Amino acid sequence: TPDVIREFEGVSLLVEDEVQGSYAARNRGMKEARGDVLAFTDADCTPDREWIDAGVNTLRREDAGLVGGRVVFEFTGEKTAAERFDASVNMRNDKSVAKGVAKTANVFVRREVVEEIGPFPQHLLSGGDVHWTSAATDAGFELVYGKEAIVRHPSRQLRELLKKQYRVGKGQIQIWRLDNRSAVRMLLVGLLRFPM
């Protein structure tokens, strides 16, 4: 990636060496960015050509603070059960936006939101994007779904999916601690809500 970035004139390569993690990298990008709108995606996502236009246009048209864009999963020829599960539960901004949260695999945000909410909690293994976008909506910023702002993500096979779900679980416990909630209490509440 650094070699590819260096080929583009006017594009800056930023490196976050102090803290290794996606949230630290996003914080570094937010600190260096100068625009009125910031766009986030993941290293393993491929944005469509119209991605930026679609995200910014949705932000302006809806007069929103944040846009959670659409993540389209790409399958192998087999379309395994793991791939189907991954696509049905992970990075579903089309479903999570209604709950006031979005995944930064595909998020657009206005500068004033960043200035009010501050940085991502960069020590988290997972879920920092959900925590951060939730803080934004709790502060009164509107989050809308941008179905035309599309990034593509390869679906995960079983091994990668299990690693992802494990990381998500550990991140959830970190978030409960960050919010001063008892992990044991939250697990019991989750089990009681689980359909029998």
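Quick look at the structure, then. (Residues numbered from 1 in each chain as written. Predicted model: local features only at pLDDT ≥ 70, side-chain atom pairs only at ≥ 80, totals over all residues. Heavy atoms only, no water.)

Moving on to unusual backbone geometry. The phi dihedral of Lys79 falls on the positive side, at around 50°, and the residue is not glycine. Unlike most non-glycine residues, Met91 shows phi in positive territory, near 55°. Note on placement: Met91 falls in the loop between helix H4 (81-89) and helix H5 (93-96). A residue is classified by how much of its surface remains accessible, and Met91, at 7% relative accessible area, is buried. (Helix = DSSP H or I, 4+ residues; strand = E, 2+ residues; numbered from the N terminus. Buried < 20%, exposed > 50% of the residue type's maximum accessible area, 1.4 Å probe, protein only.)

With that out of the way, let us pick up helix H2 (residues 22-32). When we look at burial in H2, the residues that qualify are Tyr23, Ala24, Arg26, Asn27 and Met30. All buried residues of H2 project into a common sector of 160° when viewed along the axis, lining one side. Taken together, the buried residues of H2 touch strand E1 (37-41), helix H6 (111-117) and helix H7 (128-138). (Arc of directions from axis to C-beta. Contact = heavy atoms within 4.5 Å.)

Below, the discussion takes up the environment of Lys147. Structurally, Lys147 is set in strand E5 (residues 143-154). Residue Lys147 is classed as exposed on the basis of its relative accessible area, which comes to 51%. Along the chain, Lys147 and Glu9 lie 138 residues apart, while their C-alpha atoms are 30 Å from each other.

With that settled, the discussion passes to the nonpolar core. By size, the foremost hydrophobic cluster in this structure holds 18 residues, and its most contacted members are Met30, Phe40, Leu66, Val109, Val113 and Trp132. Among the secondary structure elements, those contributing two or more residues to this core are H2, E1, strand E4 (106-110), H6 and H7. For Leu66, the contacting residues outside a window of four places in its chain are Leu59, Phe108, Val109, Val113, Trp132, Thr133, Ala136, Phe141, Glu142, Leu143 and Val144. Among the nonpolar cores identified, the runner-up in size contains 16 residues, and Val56, Ala87, Met91 and Ala149 belong to it. (Core = buried A, V, L, I, M, F, W, Y, C linked by side-chain atoms within 4.5 Å.)

Spatially, five strands are ordered E1-E4-E3-E5-E2 in an open sheet, and the strand pairing comes out mixed. Taken across any chain shown, the strands that pair with only one partner, and hence form the sheet edges, are E1 and strand E2 (46-47). Here strand E3 (residues 66-74) runs beside E4; their pairing, made up of three bridges, is antiparallel. Residue pairing across strands places Leu66 opposite Val109, the latter belonging to E4. (Pairing = 2+ DSSP bridges.)

Right, let's get into the packing of aromatic side chains. For the coordinates displayed, the defined rule picks out four aromatic pairs. Residues Phe40 and Phe120 carry aromatic rings whose centres are separated by 5.7 Å and whose planes lie at 85° to one another, so their mutual orientation is edge-to-face. With Phe40 in strand E1 and Phe120 in the loop between H6 and H7, this residue pair connects regions lying 80 residues apart in the sequence. Taking relative accessible area as the criterion, Phe40 reaches 7% and is therefore assigned buried. Its relative accessible area of 2% is what places Phe120 among the buried residues. Both rings, one in Trp51 and one in Phe108, keep their centres 5.0 Å apart while their planes meet at 50°; by these two values the pair is tilted. Residue Trp51 is found in helix H3 (residues 51-61), and its partner Phe108 is found in strand E4; the two are separated by 57 residues along the sequence. Take Trp51: its relative accessible area is 8%, and that puts it in the buried class. Linked through ring pairs, Tyr23, Phe40, Phe120 and Trp132 together constitute an aromatic cluster. Positioned above the aromatic ring of Phe75 is the side chain of Lys79, whose terminal nitrogen or guanidinium carbon lies 4.7 Å from the ring centre. (Phe/Tyr/Trp six-rings, centres within 6.5 Å; stacked < 30°, edge-to-face > 60°. Lys NZ or Arg CZ within 6 Å of the ring centre and 35° of its normal.)

Moving on, we come to the packing of H4 against helix H8 (residues 158-178). Look at H4 against H8: their axes get within 9 Å of each other, and the N-to-C directions meet at 35°. You can see that H4 and H8 cross each other, and the crossing is left-handed. Contacts from Ala82, Phe85 and Asp86 of H4 reach H8 at Leu158, Leu161 and Gln165. Its residues assigned to classes, the contact of H4 with H8 comprises four nonpolar, one polar and one charged. (Axes fitted to C-alpha atoms, helices over the stretch in contact; angles between N-to-C directions. Left-handed = near helix turned anticlockwise from the far one by under 90°. Nonpolar A, V, L, I, M, F, W, Y, C, P; charged D, E, K, R; others polar.)

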